[in-house]
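# Summary of structural features
Spelled out from the first residue to the last, the chains are:
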Amino acid sequence: MTNSNNSLTPRSIPKAVWAGMAVALIGFADAFYLTLSHYQNKIPPCTVGGCETVLTSPYATIGPIPISLVGVLYYAAVLGCLVLFFQFGGPKWLPMWRGASTIAFLVTLILVSLQLFVIHAICLYCMASAILATTLFVLSLYANKIPKTA
């Protein structure tokens, strides 16, 4: 879990990092499911009826690339940063997590605004990702308070 040059133990790893790992895994699964559905030309089941409207809107893709694939890459990047934190220790990996999460949070604000004010429909999977991305942003700010000697 750690190399011989650092003193991280499971007990010394901040709860925000553990939580970030869990949240990023859930976000990755959600975004991967939406990406897979996109490439299979399927709309995931939706209890509120807005998923089809959102996922087939012009805002669901950037050219041929689904927004959900960008989410997969984001969550994978966060997972990568946290794995590097676990493997090599120390807070030097946390600024990358914070930076990616800040960008993702700002993009999330735009995408939620599009759903509410332009598309006039809500996708539960997209909102779940928005909540997860916001949670990762908050956790990244909290985790950044780790002492530099960790």
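To start, this report covers the structure provided alongside it. The residue count restarts for each chain, going from 1 along the sequence in the order it is written. Totals for whole chains, interfaces and linings use all residues, but because this is a predicted model, local features are given only for residues with pLDDT of at least 70 and pairs of side-chain atoms are given and counted only at 80 or more. Calculated side-chain values reflect all of the structure's heavy atoms, with hydrogen atoms and water omitted.

This part takes up the overall build of the protein. Helix numbers and strand numbers start at the N terminus; a helix is a DSSP run of H or I with at least 4 residues, a strand a run of E with at least 2. A count of helices and strands for the protein gives 5 helices and 2 strands. Counting from the amino terminus, helix and strand elements in the protein follow one another as α-α-β-β-α-α-α. Throughout this description, buried means an accessible area under 20% of the type-specific maximum (1.4 Å probe, protein chains only), exposed means over 50%, and partly exposed covers the range between. Buried residues in the protein amount to 41% of all 150 residues. Taking the intrachain contacts of the protein between residues at least 6 apart in sequence as the baseline, contacts between residues at least 24 apart amount to 77%. Carbon and sulfur atoms provide 71% of the accessible area of the protein, an area that totals close to 8,300 Å². Residues are treated as being in contact if the distance between any of their heavy atoms lies within 4.5 Å. For the accessible areas, the method is Shrake-Rupley and the probe is 1.4 Å, while residue cover comes only from the protein chains on display.

Moving on: the nonpolar core. Residues belong to a common nonpolar core when they are buried Ala, Val, Leu, Ile, Met, Phe, Trp, Tyr or Cys residues joined through side-chain atoms within 4.5 Å. Counting residues in hydrophobic clusters, the biggest one holds 25 residues, and the most contacted among them are V17, W97 and L136. With 9 residues, helix α3 (residues 67–88) is the largest single contributor of residues to this core. The residues contacting L136, other than those within four sequence positions of it, are G20, V23, A24, Y74, Y75, V78, W97 and S101. The next biggest cluster of nonpolar side chains, apart from the first, holds 9 residues, and it includes L34, L114, I119 and Y125.

This part covers the packing of helix α4 (residues 94–119) against helix α5 (residues 124–143). A fitted line through C-alpha atoms represents every axis, and for helices the fit uses only the stretch in contact; the resulting angles, taken between N-to-C directions, go from 0 to 180 degrees. Their axes nearest at 8 Å, the elements α4 and α5 cross at an angle of 145°. The way α4 lies across α5 gives a crossing that is left-handed. Every residue of α5 that contacts α4 at L94, W97, R98, S101, T102, F105, T108, V112 and Q115 is listed here: C126, M127, A130, A133, T134, L136, F137, L139, S140, L141 and A143. Each crossing gets its hand from how the near helix is turned against the far one by less than a right angle, where anticlockwise is left-handed and clockwise is right-handed.

What follows concerns the packing of α3 against α5. Between α3 and α5, the least distance of the axes is 12 Å, while the angle of their chain directions is 30°. Looking at the two axes, α3 sits roughly parallel to α5. Along this stretch, α3 crosses α5, giving a crossing that reads as left-handed. In contact with Y74, Y75 and V78 of α3, α5 contributes S129, L132, A133 and L136. The nonpolar class holds Ala, Val, Leu, Ile, Met, Phe, Trp, Tyr, Cys and Pro. Asp, Glu, Lys and Arg form the charged class, and all remaining residues, Gly among them, are polar. Of the residues assigned to the contact of α3 with α5, the class counts are 6 nonpolar, 1 polar and no charged. The cut-offs work like this: below 35 degrees is roughly parallel, past 145 is roughly antiparallel, 65 to 115 is roughly perpendicular, and the gaps in between are oblique.

Attention shifts here to the environment of L36. Within the secondary structure, L36 is located in helix α1 (residues 15–39). With 30 residues separating them in the primary sequence, L36 and P66 have C-alpha atoms 9.9 Å apart.

For the rest of this paragraph, the subject is unusual backbone geometry. Despite not being glycine, N41 shows a phi value in the positive range, around 55°. Position of N41 among the secondary structure elements: in the loop between α1 and α2 (51–55). Unlike most non-glycine residues, H120 shows phi in positive territory, near 60°. Examined against the element boundaries, H120 turns out to sit in the loop between α4 and α5.

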